[in-house]
Each structure stands twice: as C-alpha cells, then as structure tokens.
Amino acid sequence: MVIYKILRADEWAALRAQGETAGAPIDVADGYVHFSTAAQAAETAAKHFAGAEGLVLLALESEALGDALKWEPSRGGALFPHLYGPLRLADVLWHAPLPLGPKGHIFPDAMA
C-alpha cells in the first residue's frame with residue numbers, strides 16, 4: 001500500500017540534502033514519523049497544514065518500510081501509519097508539489 005508524507009519546503013530540502021530525516025518537529029516530539037493513507041491525506045493537510053504553501057507530498061510503499069512501520073489508532077480510532085525510524089530519501093517512490101487552492105490543498109491525480 002502506498003502511504004503519504006507531507007513536508008514543508010525546508011523539511012524536503014533537508015531530506016534531499018541529508019538523505020534521511022527524523023521528520024518534522026511534531027514527528028521528533030512524538031518519536032515517530034507520521035504518515036497518512038490516500039483516504040486520510042486531505043484531512044491531514046487541512047488539520048495540520050491549513051493555509052501553508054510550498055508543501056511537498058511524498059509517496060512511499062508501506063511494505064518496503066518493514067517492521068519499523070506500525071499501524072496505530074489516531075483520529076477517531078482510525079489506523080495511521082507511523083514510522084519508528086528515519087524517513088529515508090531512498091524509500092520515496094515519488095514526490096509532487098502540494099499547491100494550495102481556493103478550497104485547500106490540491107492533491108495529484110497519481111494518488112492511489
């Protein structure tokens with residue numbers, strides 16, 4: 001299953017430069033990298049990135065992350081993918097800009 005991570009431009013630049021990251025400040029604070037499924041991504045963007053521009057959407061294959069990826073309950077008891085380890089650039093299948101439109105962020109058609 002493909003899962004998604006939203007990064008701010010500076011976080012994406014750091015990942016590209018360093019090859020891996022512990023994630024955004026909230027990821028570091030929580031001790032894991034937060035991901036979303038395709039069905040959860042728009043709500044994640046609206047809740048945590050409202051009005052933010054310059055975002056990048058990353059797609060990763062959940063199975064490729066191995067045992068470090070745990071599915072844990074979060075909003076309303078829904079299971080969210082959490083990575084207990086670094087987010088590695090080598091694991092990114094693809095990335096795309098996540099532009100801000102008049103009704104929120106515009107997700108690419110490539111999302112499954």
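Residues numbered from 1 in each chain as written. Predicted model: local features only at pLDDT ≥ 70, side-chain atom pairs only at ≥ 80, totals over all residues. Heavy atoms only, no water.

**Section: the layout of surface pockets**
Moving on, step 1. Roughly 380 Å³ of volume is contained in the largest pocket.
Moving on, step 2. Mapped onto the lining of the largest pocket, the elements with two or more residues apiece are β1 (2–7), α2 (25–30), α3 (38–48) and β6 (79–83).
Moving on, step 3. Among the elements that line the lining of the largest pocket, the one with the most residues is α3, at 4 residues. (1 Å grid on protein atoms, 1.4 Å probe; cavity = no way out; pocket = protein on both sides within 12 Å on 5 of 7 lines; lining within 4 Å. Points joined across faces, edges and corners; volume = space filled by probe spheres on them. Helix = DSSP H or I, 4+ residues; strand = E, 2+ residues; numbered from the N terminus.)

**Digging into a nonpolar patch on the surface**
Moving on, step 1. There is a patch of nonpolar side chains on the surface, built from Met1, Trp71 and Leu79 and spanning about 300 Å² of accessible area.
Moving on, step 2. Along the chain, Trp71 turns up in strand β5 (residues 69–73). (Patch = residues over 30% accessible without salt bridge, like charges linked within 9 Å, V, L, I, M, F, W, Y side chains within 5 Å. Areas by Shrake-Rupley, 256 points an atom, 1.4 Å probe, with all protein chains shown as cover. Salt bridge = Lys/Arg side-chain N within 4 Å of Asp/Glu carboxyl O.)

**Thoughts on the environment of Gly23**
Moving on, step 1. Tracing the sequence through the fold places Gly23 in the loop between β2 (20–21) and α2.
Moving on, step 2. The exposure class assigned to Gly23 is buried, which follows from its relative accessible area of 18%.
Moving on, step 3. Counting along the chain gives 24 residues from Gly23 to Lys47, while the straight-line C-alpha distance between them is 18 Å. (Buried < 20%, exposed > 50% of the residue type's maximum accessible area, 1.4 Å probe, protein only.)

**Observations regarding the pairing of β6**
Consecutive residues of a regular strand have side chains that alternate between opposite faces of the sheet.
Moving on, step 1. Extensive coverage of β6 is indicated by the burial of 4 of its 5 residues.
Moving on, step 2. Note: strand β3 (residues 33–34) against β6, 2 bridges, orientation antiparallel. If you follow Val33 over to β6, its bridge partner there is Leu83.
Moving on, step 3. In terms of strand pairing, β5 meets β6 through 5 bridges, oriented antiparallel. Bridge assignment links Leu69 to a residue of β6, and that residue is Leu83. (Pairing = 2+ DSSP bridges.)

Limitation: the analysis is restricted to geometry and does not speak to function.
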